[in-house]
Amino acid sequence: MKNRRRKPQVRYTLMHEISASPTEPLPQEWRTSQLTKMWQGLHELETAQEPTTDAWRLCSDAVNLMETLVTEGVLEDAGGH
């Protein structure tokens, strides 16, 4: 049996991008939800006997987000890298 991939879910449209606030790009509820999911993924990687692919994806998303924020100058790397 073939492993079928899920169809990508569209979360943001061009209208979302155009109308986004430059100082509050995501509503607080969305930020809290995303950070909670990332924390749960990390917790699963640390404690589960066999972490799910989703846990790895969530942690990868967190690392990619941090890299983007540092690269774009939004955050400063405390280690100076």
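First, a word on scope: everything that follows refers to the structure included in this document. Residues take numbers from 1 onward in each chain, read along the sequence in its written order. Reporting of local features is limited, given that this is a predicted model, to residues whose pLDDT is at least 70; pairs of side-chain atoms are given and counted only at 80 or more, and all residues count toward the totals for whole chains, interfaces and linings. Excluding hydrogens and water, the side-chain values take into account all heavy atoms of the structure.

## What about the overall build of the chain?
No. 1: Within the chain one finds three helices and zero strands.
No. 2: Starting at the N terminus, the α and β elements of the chain follow one another as α-α-α.
No. 3: For the chain, the C-alpha atoms occupy an extent of roughly 45 × 35 × 25 Å along the three principal directions.
No. 4: Looking at charge distribution, the chain has the averaged site of its 9 positive side-chain charges lying 16 Å from that of its 12 negative ones. Starting at the N terminus, helices and strands are each numbered in turn, a helix being any DSSP run of H or I of at least four residues and a strand any DSSP run of E of at least two. In this tally Asp and Glu are treated as negative and Lys and Arg as positive; neither His nor the chain ends contributes. Taken as the charge centre is NZ of Lys, CZ of Arg, CG of Asp or CD of Glu, depending on the residue.

## Structural notes on the pattern of salt bridges
No. 1: Salt bridges, as used here, are contacts in which a Lys or Arg side-chain nitrogen is within 4 Å of a carboxyl oxygen on Asp or Glu. Using the criterion set out here, one finds two salt bridges in the structure.
No. 2: In this structure, Arg57 engages Asp54 in a salt bridge whose closest nitrogen and oxygen atoms are separated by 2.7 Å. With Arg57 and Asp54 both in helix α3 (residues 53–71) and three residues apart, this pair spans about one turn of that helix.
No. 3: Among the salt bridges present, the one from Asp61 reaches Arg57, with a minimum N-O distance of 2.9 Å. Placement of both Asp61 and Arg57 in helix α3 is noted, with a separation of four residues, approximately one turn of the helix.
No. 4: You can call Arg57 partly exposed: its relative accessible area is 39%. Only protein chains enter the accessibility calculation, which uses a 1.4 Å probe; a residue is then buried when its area is under 20% of its type maximum, exposed when over 50%, and partly exposed in between.

## Observations concerning α3
No. 1: A helix is expected to span 1.5 Å for every residue after the first. Along its 19 residues, α3 runs 27 Å from first to last C-alpha, staying within 8% of the 27 Å computed at 1.5 Å per residue.
No. 2: For α3, the set of buried residues is Ala55, Leu58 and Cys59. Across the axial projection of α3, the buried residues extend over an arc of 95°, all falling on one side. Along α3, exposed side chains directed more than 90 degrees from the buried face belong to Thr53, Trp56, Glu67 and Thr71.
No. 3: Remark: Gly73 follows α3 within two positions and exhibits a positive phi of approximately 80°. For this quantity, the arc is that covered by the directions from the helix axis to the C-beta atoms.

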